[in-house]
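Residues per chain, in single letters:
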Amino acid sequence: MVLRPARSKPGCSAPSHSAFACEPIALRMCQDLPYNTTFMPNLLNHYDQQTAALAMEPFHPMVNLQCSPDLRPFLCALHAPVCTEYGRVSLPCRSLCLQAQHDCQKLMDMFGVAWPEEMDCNRFPDCHESYPRAVDLIASTEPTDQSSLTVQRDYGFWCPRELKMEPELSYSFLGVRDCSPPCPNMYFRHDELNFARYFIGVVSIVCLSATLFTFLTFLIDVTRFRYPERPIIFYAVCYMMVSLVFFLGFLLGDRVACNAASPGQYRASTVTQGSHNKACTLLFMGLYFFTMAGSVWWVILTITWFLAAVPKWGSEAIEKKALLFHASAWGVPGALTVTLLAMNKIEGDNVSGVCFVGLYDVAALRWFLLAPLCLDVLVGVVLLLAGIVALNRVRMEIPLEKENQDKLVKFMIRIGVFSVLYLVPLLVVIGCYFYEQSYRSVWETTWVQERCREYHIPCPYQVEQTSRPDLVLFLMKYLMVLVVGIPSVFWVGSKKTCFEWASFLHGRRRKDGVNESRQVLQEPDFAQSLLRDPNAPIIRKSRGTSTQGTSTHASSTHLAMMDEQRSKAGSVHSKMSSYHGSLHRSRDGGYTPCSYRGTEERPTHGSLPRLNEQSQHSSMQRLDSQSRHSSVRDLSNVSPALITHGTSMNRVIEEDGASA
């Protein structure tokens, strides 16, 4: 059983290096030696003879000038060692190295060639034999039972010369340091990349328009969207920034995501990594920060819905937690972004033109994308289901008017549709990430197998599965990342929004709201309280958002109404007094024109004081007694169950019914 040399001719491209087999020596300097086969990688870790030939070029002048008879055998012993049985490597003796270095030192100094560190003579065994030894030649020609016919091994990934980067940049690719992935994308053709680039650009414009419309609708009437629905606005702002970053990536092309090629240094275009590229760093910070912030605002939205539906928190009570909401929504993504910057995990995306994380590093994909998104979905779904169950229990157990019940059903349907429109795209994105991290190693092995001969690197050994990613998978991922922001439009889209935009575009400002006391006077409840039977019970709807279910706010509203009615009665008295003062006789016993008209329309002057006093006393007594009677009864006789306190969820439901 002998080692069969690979069937290739000198000067031709080397076959696959997965087989540890002998191959003919193609190096011009190592021709006409006692042996004519070698193996790769050699003793200096050159993975093919072409790379070894480049390393030997500086010594060509010394070999041609024959400064030492030992230089050429020594150089060939390192760059094209004799091919022996697998597992046995023959090293040149130290004496051969020292003699060659001593004889050629002056000539090397003349040509400015330094003795390489990897050729340090102290690394070789202390012996005094020539190279190759006699036993090496016997082992390479005589068969041995211990040697196999085709001994093979896996050399792993060797970074091609075209993809090598400076050590200070801390690049990494397929587990090899100072190496970077090729650009354009290593998986897709140019026509596929162009289609994907324009597809992402169009979708980003649509998402940017939708989220911008949501944000501008909020700016037209800031008071319209209060808690618990206020997080929808911040959620829309986050995805507006995400779509803006993707749109910038579409405009920039590969100028940020890829490093320019350097033909003079035999360096191809590579993917940008790390924070040395400021533009790439800014794109990464904006995209990752707002992607994570958008998912956190979704969780906060479900929290506010839960607080409004289950413990019946009001808008003011939820708004008191706004500082905590903002600290969580902006602080957690900020901490994750800073962590990734410190770990230098930024990677250029040569499909979309932006910079992100987890594109080539599977560990970063799992811990900084999959883990946070899965946690957000889990918490959000649990809180959302709890809130919907609570609202459904209210609908089933508490008797409501048909109109209010229809509003509640519409509101529950609206929450369900909005949640589905958010969760389905997000779950698709998470599924794409899971599929990508599962098959990433297979895709990379396939790429190495297809390009190993082009890059002159070892080919993979015993490849069991080969596969290339489908472009549809990546397009689906980018589409769903952007579509997640569009559901915010369905929440703000209503007749009320159309009316507000029409008023805004026509230059009509929204009228300032009247003061609260005047609003109370204009309420139909107040008019009914004045005309109702004194023995009839009072059922009032509070204008506040009390979270305790007490009637304190209702009583304060009645007191405000009582004060307002007193001021009304006072104004009536002042008008009657002024009219009484205007009726007087002239000196000649006649009436002035106004007083003459008054005599035709009014009783005589003598009857006016009595009428004034009686009407004033009657109206004041009636208003005072009724107001006091109403407030006392609201404070003492009305049970808390009869008071409908206006929680934030009631306000949202009412607005939903009014705008539907």
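Residues numbered from 1 in each chain as written. Predicted model: local features only at pLDDT ≥ 70, side-chain atom pairs only at ≥ 80, totals over all residues. Heavy atoms only, no water.

Going by an unreviewed UniProt entry, the chain carries the name Frizzled-3 and comes from Scleropages formosus. The UniProt entry for the chain carries the following comment under Sequence similarities (unreviewed entry): "Belongs to the G-protein coupled receptor Fz/Smo family." (UniProt positions renumbered as here; feature names shortened; annotations may be inferred.)

## Concerning empty space enclosed by the protein
Under the definition given, this model contains seven cavities of 30 Å³ or more. In this structure, the largest cavity encloses a volume near 240 Å³. Considering the residues around the largest cavity, the lining is formed by 24 residues, among which Thr-291, Phe-356, Val-429, Tyr-433 and Val-481 are closest to the centre. Contributions of two or more residues to the lining of the largest cavity are made by helix H7 (231-252), helix H8 (278-309), helix H11 (362-397), helix H12 (402-455) and helix H13 (471-483). (1 Å grid on protein atoms, 1.4 Å probe; cavity = no way out; pocket = protein on both sides within 12 Å on 5 of 7 lines; lining within 4 Å. Points joined across faces, edges and corners; volume = space filled by probe spheres on them. Helix = DSSP H or I, 4+ residues; strand = E, 2+ residues; numbered from the N terminus.)

## Quick word on the packing of H7 against H13
Packing of H7 against H13 brings their axes to within 9 Å, and their N-to-C directions diverge by 140°. As the angle between them shows, H7 and H13 are arranged oblique. Of H13, the residues touching H7 (which contributes Tyr-239, Val-242, Ser-243 and Phe-246) are Tyr-478, Val-481 and Leu-482. By residue class, the composition of the contact of H7 with H13 is six nonpolar, one polar and no charged. (Axes fitted to C-alpha atoms, helices over the stretch in contact; angles between N-to-C directions. Parallel < 35°, antiparallel > 145°, perpendicular 65-115°, else oblique. Contact = heavy atoms within 4.5 Å. Nonpolar A, V, L, I, M, F, W, Y, C, P; charged D, E, K, R; others polar.)

## Some thoughts on the side chain of Thr-211
As for its placement among the helices and strands, Thr-211 is situated in helix H6 (residues 190-220). Classification of Thr-211 as buried rests on a relative accessible area of 0%. Here Cys-207 takes part through its backbone oxygen, which lies 2.8 Å from a polar atom of the side chain of Thr-211. (Buried < 20%, exposed > 50% of the residue type's maximum accessible area, 1.4 Å probe, protein only. Polar contact = N/O pair within 3.5 Å; in protein donor to acceptor, adjacent residues only side chain to side chain.)

## A few points about the UniProt feature "transmembrane region" (unreviewed entry) in the chain
Those places that UniProt annotates as "transmembrane region" (unreviewed entry) correspond, in this numbering, to residues 198-220, 232-252, 287-310, 322-343, 367-391, 411-436 and 471-492. Along residues 287-310 one finds 96% helix and 0% strand; the C-alpha atoms at either end are 35 Å apart. Secondary structure content for residues 322-343 is 100% helix and 0% strand, while the C-alpha to C-alpha distance between its ends is 32 Å.

## Side note on H8
If you check H8, its first and last C-alpha atoms are 46 Å apart, about what 32 residues at 1.5 Å a residue would give, namely 46 Å. Measuring from the side-chain oxygen of the N-cap residue of H8 to the backbone nitrogen of Ala-279 gives 3.2 Å; that N-cap residue is Asn-277. (Expected span 1.5 Å × (residues − 1).)

## Looking at the confidence of the model for the chain
Scored by pLDDT, the chain comes out at a mean of 76, with 69% of its residues at no less than 70. Helix H16 (residues 516-522) is the least confidently modelled element of the chain, averaging 36 in pLDDT, while strand S8 (residues 355-356) averages 97, the highest of any element. Counted against residues more than four places away or in other chains, residues 1-20, with its pLDDT under 50, gives 55 contacts. For the stretch residues 627-646, pLDDT sits under 50, and the model shows 41 contacts to residues farther than four places along the chain or on other chains. (pLDDT = per-residue confidence, 0-100.)

## Observations regarding H13
Between its terminal C-alpha atoms H13 stretches 18 Å, which fits the 18 Å expected from 13 residues at 1.5 Å a residue. When H13 is considered as a whole, its buried residues turn out to be Leu-471, Leu-473, Phe-474, Leu-475, Lys-477, Tyr-478, Met-480, Val-481 and Leu-482.

## So, the state of the cysteines
By the definition in use, this model includes eight disulfides. Across the disulfide from Cys-97 sits Cys-121; the S-S distance is 2.0 Å. Because the torsion about its S-S bond is -75°, the bridge between Cys-97 and Cys-121 counts as left-handed. Residue Cys-97 is located in helix H4 (residues 94-111), and its partner Cys-121 is located in the loop between H4 and helix H5 (134-141); the two are separated by 24 residues in the primary sequence. Note on Cys-121: relative accessible area 2%, which makes it buried. With its sulfur 1.8 Å from that of its partner, Cys-280 forms a disulfide with Cys-355. Between Cys-280 and Cys-355, the disulfide has an S-S torsion of -120° and is therefore left-handed. Here Cys-280, found in helix H8, pairs with Cys-355, found in strand S8; they are 75 residues apart in sequence, far enough to count as distant. (Disulfide = S-S within 2.5 Å.)

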